[in-house]
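An overview of the molecular structure
Here is how the chains run, residue by residue.
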Amino acid sequence: RKRGLYGGLIMSASHNPGGPEEDWGIKFNYNSGEPAPEKITNQIYEETKTIDKILTCPDMPDVDLSTLGEVQFGEGFSVEVISAVGDYLELLEEVFDFELLKSFLSRPDFSLVFDALHAVTGAYAEPILVDALGAKKESLKNCVPMEDFGGGHPDPNLTYAKDLVAMMFDKEGKYEFGAASDGDGDRNMILGKNFFITPSDSVAMIAANAQECIPYFKGGLKGVARSMPTSGALDRVAAKLGVPFFETPTGWKYFGNLMDAEKCSVCGEESFGTGGDHVREKDGMWAVLAWLSILAKKNEGASEFVSVEDIAVAHWKEYGRNFFSRYDYEGCDSESANKMMDYLRNEVIPAAANGSKMGDFVVDKADDFEYTDPIDGSVASKQGVRIVFSDGSRIIFRLSGTGSSGATIRLYIEQYENDASKMLVDAQEALKPIIETALEVSKLQEFTGRDKPTVIT
């Protein structure tokens, strides 16, 4: 958008399989910066059918990517190396109150740790958190980007960011705030001292506090949106704020359409993606600064330090808590995984009539989620099997990736609780009955042979 370009190609440490080690991919983002919408990706696909030759430029010299500036090749082609960090920092300074953040980060009773997991956000962490905001350099962990991510898996979750989790749940309690970002910098994980903020809660809590705590939103929110598998915590915030709410399929391009139409300010996915309409992508560093802004504002004039946990508990007391968990079964046999999804679509959904029972839960509705885009009218079908119960609890099944390397079955479980005495119960304990129902209904173990998930979030 800043440069008025048609679009951009991103060479990404994508979680979509690509490259010799399945850790590399190519993405195309359209002219407002959003992931290419289907109308564009469909046209690209049609073009691939007509390719009959590939032209290369073997004699073109390499460009020194460490030197900013434009390199000219002949009369009609040039390559410009820019500072992506510089452009991005300028944008963040328009969104957040940097003076407030600098003051907060200098407090003697506050300390943070940021783990880039040896991925791309490491290049942004020092210029933004240390140089611009004054955080201590020792607050940064694993911030040297490496091609192999230091041998780790750059997913910011409780399983793969285990070093950060250990630091935040350490008995000595050294850090008040912890955060991590993923391979290509768009996802994030937020932690307090001995406390984990689920991505579903994170987007809801950011939305609830955005107008008060983030100058960019001082005029209020245009609307909010979440992906279908994400918990309903954001729905309750939207209702109280009186702003439009949208439930979309998984995929940031659906949010991009809403943002371009001025209908969405804050959005998120349960897969650790959170963002605002300052850009058209989920934005890991933005989420970190959003949380730091909330902490900074809540601690202005407070007699005692207001922690991440304090903010979460106050939110739950006001809105209730949507207990939420995701089970990932990675590397499943694709044929078996598809058979399970067919079983859910063809046998479980038709039998799940309103008022019928599954375990101790009464069915409200069961379907295969379909979305009609309110902006361009496009229809996305088969976006996930969902079973919604009369108390608002939900079970959702989605299949992610069906290549030769195997499929990932994602099971999402959600249960709403408005009894204040039960809000601090461990999520896995609170969700145990509905998890057992989900596994029984889906026959997941029978289809896949898996008796436990690879990752629990």
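Preceding this section is the structure that the text describes.
Report on the accompanying structure. (Residues numbered from 1 in each chain as written. Predicted model: local features only at pLDDT ≥ 70, side-chain atom pairs only at ≥ 80, totals over all residues. Heavy atoms only, no water.)

**Brief notes about the overall build of the protein**
Along its length, the protein carries 13 helices and 22 strands. In terms of overall size, the protein behaves like a compact globule, its C-alpha atoms giving a radius of gyration of 23 Å where 457 residues would be expected to give roughly 23 Å. In terms of principal-axis extent, the alpha carbons of the protein reach across some 70 × 70 × 40 Å. A burial count over the protein gives 50% of its 457 residues as buried. Of all intrachain contacts in the protein linking residues separated by at least 6 positions in sequence, the fraction that spans at least 24 positions is 65%. Accessible surface for the protein amounts to roughly 21,900 Å². Of this, 49% is attributable to carbon and sulfur atoms. The positive charge centre, built from 45 side chains, and the negative charge centre, built from 74, are 4 Å apart in the protein. (Helix = DSSP H or I, 4+ residues; strand = E, 2+ residues; numbered from the N terminus. Rg over C-alpha atoms; globule rule 2.2 N^0.38 Å. Buried < 20%, exposed > 50% of the residue type's maximum accessible area, 1.4 Å probe, protein only. Contact = heavy atoms within 4.5 Å. Areas by Shrake-Rupley, 256 points an atom, 1.4 Å probe, with all protein chains shown as cover. Lys, Arg positive; Asp, Glu negative; His and termini not counted. Charge placed at Lys NZ, Arg CZ, Asp CG, Glu CD.)

**Topic: the side chain of N29**
Mapped onto the secondary structure, N29 falls in strand β2 (residues 25-29). By relative accessible area, N29 is classed as buried at 7%. Polar contacts involving the side chain of N29 include one to the main-chain carbonyl oxygen of G33, which spans 2.9 Å. (Polar contact = N/O pair within 3.5 Å; in protein donor to acceptor, adjacent residues only side chain to side chain.)

**Some remarks on the pairing of strand β14 (residues 321-332)**
In terms of burial, β14 is largely enclosed, as ten of its twelve residues are buried. When β14 meets strand β21 (residues 406-417), the two strands line up antiparallel, connected through ten bridges. Its bridge partner being in β21, R321 is matched across the sheet by E417. For β14 and strand β22 (residues 455-456), the ladder comprises two bridges, and the chain directions are antiparallel. Note that in β22 the partner of D328 across the bridge is V455. (Pairing = 2+ DSSP bridges.)

**Things to note about the sheet that holds strand β8 (residues 188-192)**
Spatial strand order, β6-β5-β7-β8-β9: five strands in an open sheet with mixed pairing. Two strands in the sheet have a free side with no partner beyond their single neighbour: β6 (140-141) and β9 (195-197). Relative to β9, β8 runs antiparallel, the two sharing three bridges. Among the inter-strand pairings, L191 is bridged to a residue of β9, identified as F196.

**Considerations on the sheet that holds strand β10 (residues 224-227)**
Taken in spatial order, the four strands line up as β11-β10-β12-β13 in an open sheet, and their pairing is mixed. Each edge of the open sheet is held by one strand with a lone partner, namely β11 (245-248) and β13 (273-276). When strand polarity is set aside, the average angle formed by the axes of neighbouring strands in this sheet is 15°. Summarising the sheet, strand β12 (residues 266-269) and β13 pair through four bridges and their orientation is antiparallel. Opposite E269, over in β13, you have G273 as the bridge partner. Together, β10, β12 and β13 form the strand contacts of helix α6 (residues 199-213), whose direction differs from that of β12 by roughly 175°. In the packing of helix α8 (residues 252-260) onto the sheet, the strands contacted are β10, β11, β12 and β13, and the crossing angle to β12 comes to about 170°. (Axes fitted to C-alpha atoms, helices over the stretch in contact; angles between N-to-C directions.)

**Overview of the environment of L431**
Within the fold, L431 resides in helix α12 (residues 427-442). The contact partners of L431, leaving out residues within four places of it in the chain, are F323, F324, S325, I413, E414 and Q415.

**Regarding helix α7 (residues 233-241)**
Of the residues making up α7, those classed as buried are A233, L234, V237 and A238. Relative to the axis of α7, the buried residues are bounded by an arc of 135° and lie together on one face. More than 90 degrees from the buried face of α7, the exposed residues found are A239 and K240. The inward-facing, buried residues of α7 contact α6, β10, β11, α10 (308-319) and β14. A positive backbone phi angle near 70° is found at G242, which sits one or two residues after α7. (Arc of directions from axis to C-beta.)

**Side note on the packing of helix α2 (residues 84-95) against helix α9 (residues 284-298)**
Relative orientation of the contacting elements α2 and α9 amounts to 30°, with a least axis distance of 12 Å. One element, α2, and the other, α9, form an angle in the roughly parallel class. The two elements α2 and α9 meet at a crossing, and its hand is right-handed. Only M285, W286 and L289 of α9 make contact with α2, whose side of the interface consists of Y88, L92 and V95. Residues belonging to the contact of α2 with α9 are distributed by class as follows: six nonpolar, no polar and no charged. (Parallel < 35°, antiparallel > 145°, perpendicular 65-115°, else oblique. Left-handed = near helix turned anticlockwise from the far one by under 90°. Nonpolar A, V, L, I, M, F, W, Y, C, P; charged D, E, K, R; others polar.)

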